[in-house]
Amino acid sequence: MSATANSDLLTITLAEGARRLRAGEITAQELTRAFLDRIAATDDQVRAFVTVTEESALAAAEQADEILSSGDATAPLTGLPIGLKDVLMTRGVRTTAGSRMLDTLIPPYDATVVGRLRQAGAISLGKLNMDEFAMGSSTEHSAWFPTANPWDLDRVPGGSSGGSAAAVAAQQCIATLGSDTGGSIRQPASFCGVVGLKPTYGRVSRYGLIAFASSLDQIGPFTRTVEDAALLLQEIAGPDPLDSTCYDAPVPDFSAELDRGLDGLRVAAPVEFFTGGMDDDVAAVIETALDLLSANGAMVDRSPSMPSVPMALPVYYILAPSECSANLARFDGVKYGHGARQGESMWADMEATRKHGFGREVKRRILLGAYALSAGYYDAYYLKAQKVRTLIRREFDRVFADHDVIVAPTAPTVAFKQGAITDPYQMYLNDIFTIPANIAGLPAISIPGGFGADGMPVGLQFVGQRLDESVLLGVANAYEKLTGWNTTPPSIVGST
């Protein structure tokens, strides 16, 4: 295959790839090889992948071609190469959650979403880098290496799913899966100029997701287009008896509303999402987006107020660390963890395991959570945070009584330079606009909204009503079609 033909394959979407594979215009082996070559040419600079599964990917592609040539291909993603965040259990493939604690973990089973993608015919190219145990907003907290932003290699890709976002932006995968606890899909999608969708909490099974905060975690896709996000969500959503928090409800056709347009759409722009906190260039992009929505038939209402929303950040940094301190207690070096052995006592071994296995940010959050749950402080912190969480949910319900979607910035800044933020609180502020949707368990999507300082991408966020991903995707698709923002970095590293 020529370099030009190979390059053309790298810009393919899931929808286009499925059509061309079934029409016999390309083969799964050609497509998979193109992306593997791209990874080989660029990943020493981007560093999106922790593990590349070349051998199994090519074997799966060969099998997909046999199915396609027989005319029996009914699985919708047959032959399409994707990547998986390294927090998802993958049978027989190393899964580390970005931590030395799990540096040798080879799971004996697949996460539910991984199994569903296999059944849908998708081909996994490997596991993607992340902040350790999904705790971070820059992918600088990986135990292995930081990931770079393909738009500017000196900048971060966001986090914690930075590898998943960077791989799509760098044309190393057609699409990827990430996880979102407080913005870990949407914020890196904003920084890397791609589409990132966090479904409703419980829409997608968390079985096989290495837990950070169990009442907040949700798995979702990174793609180049909103249409592709709908296609990928279609395959991973649905009830799962292995996850009791999963909605036991039929999965709708998420593509049904893609052509809904903006005419008559009731859009809320609550003042708390637009009062300070944003860099001027980001604010300018968001204002232009609001004007574009209005000019194309949407009714943008800037009067709603959600006074508890500013409290979402402190609420999150009580609830999430509290849950992680409980979830990570299992990593004691006995059944789970790398198991440092000092021999003095079980307690000494456990202390050594956690000292060497957990990174600085993970230890910080475990300590925060243990403190919030400790005797004498539980009522003052954890219980009060849960009460404010209820207020935030009620405020969302009140706004949605009169509106179809909420629009907001995704992140307050464009991607920042690696090493530029060393104060933990300043890093936590990156998720100030994304956390509220997690607190309320609502679906939210970040799509390319324009460009800010130095031509870096700016994300536009839409938040939808519970289990209303179809409308959310339709709105996002309508905006995407109006703008046609180029989601390919203009000076992408490497070449094929």
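### Details of the overall build of the protein
Alright, step 1. Within the protein, the regular secondary structure consists of 16 helices and 11 strands.
Alright, step 2. In summary, the protein has a C-alpha radius of gyration of 21 Å against a globular reference of 23 Å for 496 residues, a match within 12%.
Alright, step 3. Dimensions along the principal axes, computed over C-alpha positions, put the protein at roughly 65 × 60 × 45 Å.
Alright, step 4. In the protein, which comprises 496 residues, the proportion classed as buried is 60%.
Alright, step 5. Sequence-distant contacts, at least 24 apart, represent 76% of the contacts inside the protein between residues at least 6 apart.

### A closer look at the sheet that holds strand S5 (residues 195–198)
Alright, step 1. Read from one edge to the other, the open sheet built from 11 strands follows the order S1-S3-S2-S4-S6-S5-S10-S11-S9-S7-S8, with strand pairing classed as mixed. Edge strands, defined here as strands with exactly one partner in the open sheet, are strand S1 (49–52) and strand S8 (299–301). Each adjacent strand pair in this sheet contributes to an overall mean axis angle of 30°, direction not counted.
Alright, step 2. As judged from the 2 bridges shared by strand S7 (residues 266–268) and strand S9 (residues 405–409), these two strands associate in the parallel manner. Residue pairing across strands places Ala 268 opposite Ile 406, the latter belonging to S9.
Alright, step 3. The sheet contacts of helix H4 (residues 54–70) involve S1 and strand S3 (123–128), and relative to S3 the element is tilted by about 160°.

### With respect to the pattern of salt bridges
Alright, step 1. Overall, the coordinates contain 19 salt bridges when judged by the stated rule.
Alright, step 2. In this structure, Glu 25 and Arg 19 form a salt bridge, with 3.4 Å as the shortest nitrogen-oxygen distance.
Alright, step 3. For Glu 25, a relative accessible area of 45% puts it in the partly exposed group.
Alright, step 4. Taking relative accessible area as the criterion, Arg 19 reaches 46% and is therefore assigned partly exposed.
Alright, step 5. Among the ionic pairs, Arg 33 bridges to Asp 37, the shortest N-O distance being 3.2 Å. In this pair, Arg 33 and Asp 37 are both assigned in helix H3 (residues 28–46), 4 residues apart and thus about one turn of the helix distant.
Alright, step 6. Arg 33 sits in the partly exposed class, given a relative accessible area of 30%.
Alright, step 7. It is possible to trace a salt-bridge network through shared partners that takes in Glu 16, Arg 19, Arg 20 and Glu 25.

### Brief notes about helix H11 (residues 346–357)
Alright, step 1. The terminal C-alpha atoms of H11 lie 16 Å apart, and with 12 residues this matches the ideal 16 Å at 1.5 Å per residue to within 8%.
Alright, step 2. Taken as a whole, H11 has its buried residues at Ala 348, Asp 349, Met 350, Ala 352, Thr 353 and Gly 357.
Alright, step 3. Measuring from the side-chain oxygen of the N-cap residue of H11 to the backbone nitrogen of Ala 348 gives 3.1 Å; that N-cap residue is Ser 345.

### Observations concerning a nonpolar patch on the surface
Alright, step 1. On the surface, a nonpolar cluster with roughly 280 Å² of combined accessible area is contributed by Tyr 371, Tyr 377 and Tyr 381.
Alright, step 2. By secondary structure assignment, the location of Tyr 381 is in helix H13 (residues 378–400).
Alright, step 3. Overall, the relative accessible area of 34% leaves Tyr 381 in the partly exposed class.

### Here we look at the packing of aromatic side chains
Alright, step 1. By the definition in use, this model includes 13 aromatic pairs.
Alright, step 2. For the pair Tyr 317 and Tyr 428, a centre-to-centre distance of 4.1 Å together with 15° between the ring planes defines the contact as stacked. In this pair, Tyr 317 is assigned in helix H10 (residues 312–327) and Tyr 428 in helix H14 (residues 424–428), connecting sequence segments 111 residues apart.
Alright, step 3. A residue is classified by how much of its surface remains accessible, and Tyr 317, at 13% relative accessible area, is buried.

### Some details on the packing of helix H12 (residues 360–373) against H13
Alright, step 1. Two elements in contact, H12 and H13, have axes separated by 7 Å at closest approach and are oriented at 105°. Between H12 and H13, the angle falls in the class roughly perpendicular. Facing Tyr 371, Ala 372 and Leu 373 of H12, the residues of H13 in contact are Tyr 378, Tyr 381 and Tyr 382.
Alright, step 2. The class makeup of the residues in the contact of H12 with H13 is 6 nonpolar, no polar and no charged.

### Digging into the packing of helix H5 (residues 112–119) against helix H8 (residues 226–236)
Alright, step 1. Where H5 meets H8, the closest approach of the two axes is 8 Å, and the angle between their N-to-C directions is 110°. Here H5 is positioned roughly perpendicular relative to H8, judged by the angle of their axes. Facing H5, whose interface residues are Val 113, Arg 116 and Leu 117, H8 presents Leu 232, Glu 235 and Ile 236.
Alright, step 2. Of the residues contributing to the contact of H5 with H8, the split by class is 4 nonpolar, no polar and 2 charged.

### With respect to the environment of Ile 435
Alright, step 1. For Ile 435, the location among the structural elements is in helix H15 (residues 435–440).
Alright, step 2. C-alpha separation for the pair Ile 435 and Ser 184, spaced 251 residues apart in sequence, amounts to 9.4 Å.
Alright, step 3. Those residues in contact with Ile 435, other than ones at most four positions away along the chain, are Gly 182, Ala 312, Leu 313, Tyr 316 and Tyr 317.

### Observations concerning the side chain of Ser 179
Alright, step 1. Within the secondary structure, Ser 179 sits in strand S4 (residues 175–180).
Alright, step 2. Residue Ser 179 is classed as buried on the basis of its relative accessible area, which comes to 3%.
Alright, step 3. Here Lys 85 takes part through its side chain, which lies 2.8 Å from a polar atom of the side chain of Ser 179.

### Let's talk about the side chain of Thr 112
Alright, step 1. In this fold, Thr 112 is placed in helix H5.
Alright, step 2. When sequence neighbours within four positions are dropped, the list of residues in contact with Thr 112 reads Ser 205, Tyr 207, Asp 240 and Leu 242.

Procedures and definitions
- Residues numbered from 1 in each chain as written.
- Predicted model: local features only at pLDDT ≥ 70, side-chain atom pairs only at ≥ 80, totals over all residues.
- Heavy atoms only, no water.
- Helix = DSSP H or I, 4+ residues; strand = E, 2+ residues; numbered from the N terminus.
- Rg over C-alpha atoms; globule rule 2.2 N^0.38 Å.
- Buried < 20%, exposed > 50% of the residue type's maximum accessible area, 1.4 Å probe, protein only.
- Contact = heavy atoms within 4.5 Å.
- Pairing = 2+ DSSP bridges.
- Axes fitted to C-alpha atoms, helices over the stretch in contact; angles between N-to-C directions.
- Salt bridge = Lys/Arg side-chain N within 4 Å of Asp/Glu carboxyl O.
- Expected span 1.5 Å × (residues − 1).
- Polar contact = N/O pair within 3.5 Å; in protein donor to acceptor, adjacent residues only side chain to side chain.
- Patch = residues over 30% accessible without salt bridge, like charges linked within 9 Å, V, L, I, M, F, W, Y side chains within 5 Å.
- Areas by Shrake-Rupley, 256 points an atom, 1.4 Å probe, with all protein chains shown as cover.
- Phe/Tyr/Trp six-rings, centres within 6.5 Å; stacked < 30°, edge-to-face > 60°.
- Parallel < 35°, antiparallel > 145°, perpendicular 65-115°, else oblique.
- Nonpolar A, V, L, I, M, F, W, Y, C, P; charged D, E, K, R; others polar.

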